Amino acid sequence: MELKLKDLRYLVAVAETRHFGRAAAKCFVSQPTLSAQLRKLEQNLGVQLIERRPRRITLTEAGEEIARRAREMIETGEAILTAAQTRRDPLAGQLRLALLPTIGPYLLPQVALRIRKALPRLELMLYEYRTEPMLERLRNGDIDVGILALPVPVEGLVTRELFVEPFVLALPESHRLAARTQVRIDDLDQETLLLLEDGHCLRDQALAVCARSGVREKQDFRATSIETLRQMVASGVGVTLLPTLATRGAYGAVRGMTTRPFAKPVPSRRIGAVWRKSSARAAAIGAVCEQITRHSGLN
């Protein structure tokens, strides 16, 4: 019997999504095609892989084991192709790069054209994930490298610090602290702090920075993005901490809002790259990291 990687990809997609529709979308095929191929795979193997119930899909014990082994086979197959490409030209081909939502929109305008000019044969495939989903996709082989805030769990991974990004205070233009040229964390005593929703590492970083002050988090508000935070500050609801890159260029001009730097010691976050130790794209990743460090404007 001949096993096809395509069919194994379908099984892995179902194992990851537990949903035929989402699995089909992930594999860029129709749901009937995916379902039919999986039934054929079950017939060829002679075992049931998927337990099909209304509104719920589970894998049988055999399905779980085979999906795990299939994922290993797929990763090995991709590694073979990548190794061959890397041998031909280590700085060519696709590189799947993921960034945090609080980094990507503000870093990419600074570095994207520089990377393209310096590495013209490298095609960046860009994705946006929060920290935990990014690390999961990295370990699963869905992406090659992630750009996020350090530190992160590093088992099986390599990290490289790219730059240190200071925080600034964003506040309404009419705020009492707007008259200052610099502010201190202690100045935030009794202020209302606006934060991102749970799951964003920027939220945890802001809370850590403000832990020693008497700042009060606004309990009935959780922003989904930095842009929402910016607009809420401009409307006078409260203050927030913003990464420096999110205040540059077109992002720095918001009517009703201004920013002030912090006095030393300046609160900051470490931005770095993370990739698998076993990755065959280390040379390309290193070259991209070098361009980001050189052109981020924070070194």
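Look above for the structure.
Residues numbered from 1 in each chain as written. Predicted model: local features only at pLDDT ≥ 70, side-chain atom pairs only at ≥ 80, totals over all residues. Heavy atoms only, no water.

## Considering the overall build of the protein chain
Stated precisely, the cut-off is as follows: Helix and strand labels come from DSSP, where a helix needs a run of H or I of at least four residues and a strand needs a run of E of at least two; each type is numbered from the N terminus. Three exposure classes are used, based on accessible area relative to the maximum for each residue type with a 1.4 Å probe and protein chains only: buried under 20%, partly exposed in between, and exposed over 50%. We call two residues contacting when some pair of their heavy atoms lies within 4.5 Å. Exposure was quantified through the Shrake-Rupley algorithm and a 1.4 Å probe, taking into account, for residues, occlusion by the shown protein chains and nothing else. Neither His nor the chain ends contribute to the count of charged residues, in which Lys and Arg are positive and Asp and Glu negative. Every charge is mapped onto a representative atom, which is NZ of Lys, CZ of Arg, CG of Asp or CD of Glu.
Regarding its fold elements, the protein chain presents nine helices and eleven strands. With the C-alpha coordinates aligned to their principal axes, the bounding extent of the protein chain is approximately 75 × 50 × 30 Å. Counting every position in the protein chain, which comprises 299 residues, the buried fraction comes to 46%. Across the protein chain, every contact between residues at least 6 apart in sequence was considered, and the portion connecting residues at least 24 apart equals 75%. When the accessible surface of the protein chain is summed, it comes to about 15500 Å², and 50% of that surface belongs to carbon and sulfur atoms. Of the side-chain charges in the protein chain, 45 are positive and 33 negative, and the distance between the mean point of each set is 4 Å.

## Considering a nonpolar patch on the surface
Worth spelling out the cut-off: Patches were defined on residues exceeding 30% relative accessible area and lacking a salt bridge, with like-charge contacts within 9 Å and nonpolar side-chain contacts (Val, Leu, Ile, Met, Phe, Trp, Tyr) within 5 Å. Counted as salt bridges are all cases of a side-chain nitrogen of Lys or Arg within 4 Å of a carboxyl oxygen of Asp or Glu.
Together, Leu-3, Leu-5, Leu-45, Val-47 and Met-73 make up a nonpolar patch on the protein surface, roughly 370 Å² of accessible area in all. Tracing the backbone shows Val-47 in the loop between α3 (31-45) and β1 (50-53).

## Focus: the pairing of β1
Note the cut-off: Strands are treated as partners if at least two bridges between them are detected by DSSP.
Relative to strand β2 (residues 56-59), β1 is paired through four bridges, and the arrangement is antiparallel. Of the residues in β2, the one forming a bridge with Arg-53 is Arg-56. Between the end of β1 and the start of β2, which pair antiparallel, lie two residues, with Arg-55 showing a positive phi angle near 65°.

## Here we look at the packing of aromatic side chains
Stated formally: Only Phe, Tyr and Trp rings take part, Trp by its six-membered ring, and two of them pair if their centres are within 6.5 Å. Stacked means planes under 30 degrees apart, edge-to-face means over 60, and tilted covers everything else.
For the structure shown, the criterion picks out one aromatic pair. Note on Tyr-127 and Tyr-129: the rings are 6.2 Å apart at their centroids and 5° apart in plane angle, and the pair reads as stacked. On the basis of relative accessibility, which here comes to 19%, the residue Tyr-129 falls in the buried class.

## Considerations on the nonpolar core
How we decide: Residues belong to a common nonpolar core when they are buried Ala, Val, Leu, Ile, Met, Phe, Trp, Tyr or Cys residues joined through side-chain atoms within 4.5 Å.
Of all hydrophobic cores here, the largest spans 70 residues; its most connected members are Leu-107, Ile-147, Leu-148, Phe-163, Leu-169, Leu-241 and Ile-292. Considering every element that reaches this core, the biggest residue donor is strand β6 (residues 157-172), with eight residues. For Phe-163, the contacting residues outside a window of four places in its chain are Leu-107, Leu-245, Arg-269, Arg-270, Ile-271, Ile-292, Ser-296, Leu-298 and Asn-299. Grouped together as the second largest cluster of nonpolar side chains are 20 residues, Leu-8, Leu-11, Val-14 and Ile-74 included.

## Considerations on the environment of Asp-187
Condition: Between N or O atoms, a polar contact is any pair within 3.5 Å; within protein, one atom must be a potential hydrogen donor and the other a potential acceptor, and residues adjacent in sequence are included only when both atoms are from side chains.
Looking at where Asp-187 falls in the secondary structure, it is placed in the loop between β6 and β7 (192-193). Spatially, the C-alpha atom of Asp-187 lies 8.1 Å from that of Leu-177, the residues being ten residues apart in sequence. Dropping the residues within four chain positions of it, Asp-187 is found in contact with Arg-176, Leu-177 and Arg-180. Separated by 3.0 Å, the side chains of Asp-187 and Arg-180 make a polar contact.

## Things to note about the layout of surface pockets
For the record, the criterion: Only protein atoms enter the 1 Å grid, on which a cavity is a set of points fitting a 1.4 Å probe that cannot get out and a pocket is an open set with protein on both sides within 12 Å along at least 5 of 7 lines, lining residues being those with an atom within 4 Å of a point. Grid points are joined across faces, edges and corners, and a volume is the space filled by probe spheres set on the points. Under the convention adopted here, Pro, Cys and the residues Ala, Val, Leu, Ile, Met, Phe, Trp and Tyr are nonpolar, Asp, Glu, Lys and Arg are charged, and Gly plus all remaining residues are polar.
Volume-wise, the largest pocket comes out at about 800 Å³. Considering the residues around the largest pocket, the lining is formed by 25 residues, among which Arg-9, Glu-16, Lys-26, Arg-96 and Asp-142 are closest to the centre. Those elements giving two or more residues to the lining of the largest pocket turn out to be α1 (5-17), α2 (20-27), α4 (61-88), β3 (93-99), β4 (122-128) and α6 (131-140). Per element, the largest residue contribution to the lining of the largest pocket is seven residues, and it comes from α1. When the residues that make up the lining of the largest pocket are grouped by side-chain class, the tally is ten nonpolar, four polar and eleven charged. A volume near 550 Å³ is recorded for the second largest pocket. If you list the elements that add at least two residues to the lining of the second largest pocket, you get α4, β3 and α6.

## Comments concerning helix α5 (residues 104-118)
Where we set the bar: Helix span, expected: 1.5 Å multiplied by one less than the number of residues in the helix. To get the bend at any residue, fit one axis to the seven residues that end at it and another to the seven that begin at it, then take the angle between the two axes.
Relative to the 21 Å expected for 15 residues at 1.5 Å per residue, α5 spans 19 Å between its end C-alpha atoms, a close match to the ideal helical length. For α5, the principal kink sits at Val-111 and spans about 40°. Among the residues of α5, Gly-104, Tyr-106, Leu-107, Val-111 and Ile-115 are the ones counted as buried. Structurally, α5 contributes buried residues whose contacts are with β3, β4, β5 (145-150), β6, α8 (226-234) and α9 (282-295).

## Here we look at empty space enclosed by the protein
Inspection of the entire model under this criterion finds two cavities of 30 Å³ or more. Taken as a whole, the largest cavity spans an internal volume of roughly 50 Å³. Lining of the largest cavity is provided by Leu-100, Pro-101, Thr-102, Arg-130, Thr-131, Gly-199, His-200, Cys-201 and Leu-202. Grouping the amino acids of the lining of the largest cavity by side-chain chemistry returns four nonpolar, four polar and one charged. Of the voids in this model, the second largest cavity is the one considered here, and its volume is about 30 Å³. In terms of lining residues, the second largest cavity is bounded by Thr-102, Ile-103, Tyr-106, Leu-107, Glu-165, Pro-243, Leu-245, Ala-246 and Arg-269.

## Description of the packing of α1 against α3
Using the following cut-off: Lines fitted to C-alpha atoms define the axes here, with helix axes fitted over just the stretch in contact, and angles between the N-to-C directions of these axes take values from 0 to 180 degrees. An angle below 35 degrees is treated as roughly parallel, one above 145 as roughly antiparallel, one from 65 to 115 as roughly perpendicular, and anything else as oblique.
Contact geometry of α1 with α3 gives a least axis separation of 9 Å together with a crossing angle of 110°. Taken together, the axes of α1 and α3 are roughly perpendicular relative to one another. Residues Asp-7, Leu-8, Tyr-10, Leu-11 and Val-14 of α1 form the contact with α3, whose own contacting residues are Leu-34, Gln-37, Leu-38 and Leu-41. Considered class by class, the residues forming the contact of α1 with α3 number seven nonpolar, one polar and one charged.

Keep in mind these numbers describe shape, not what the thing actually does.
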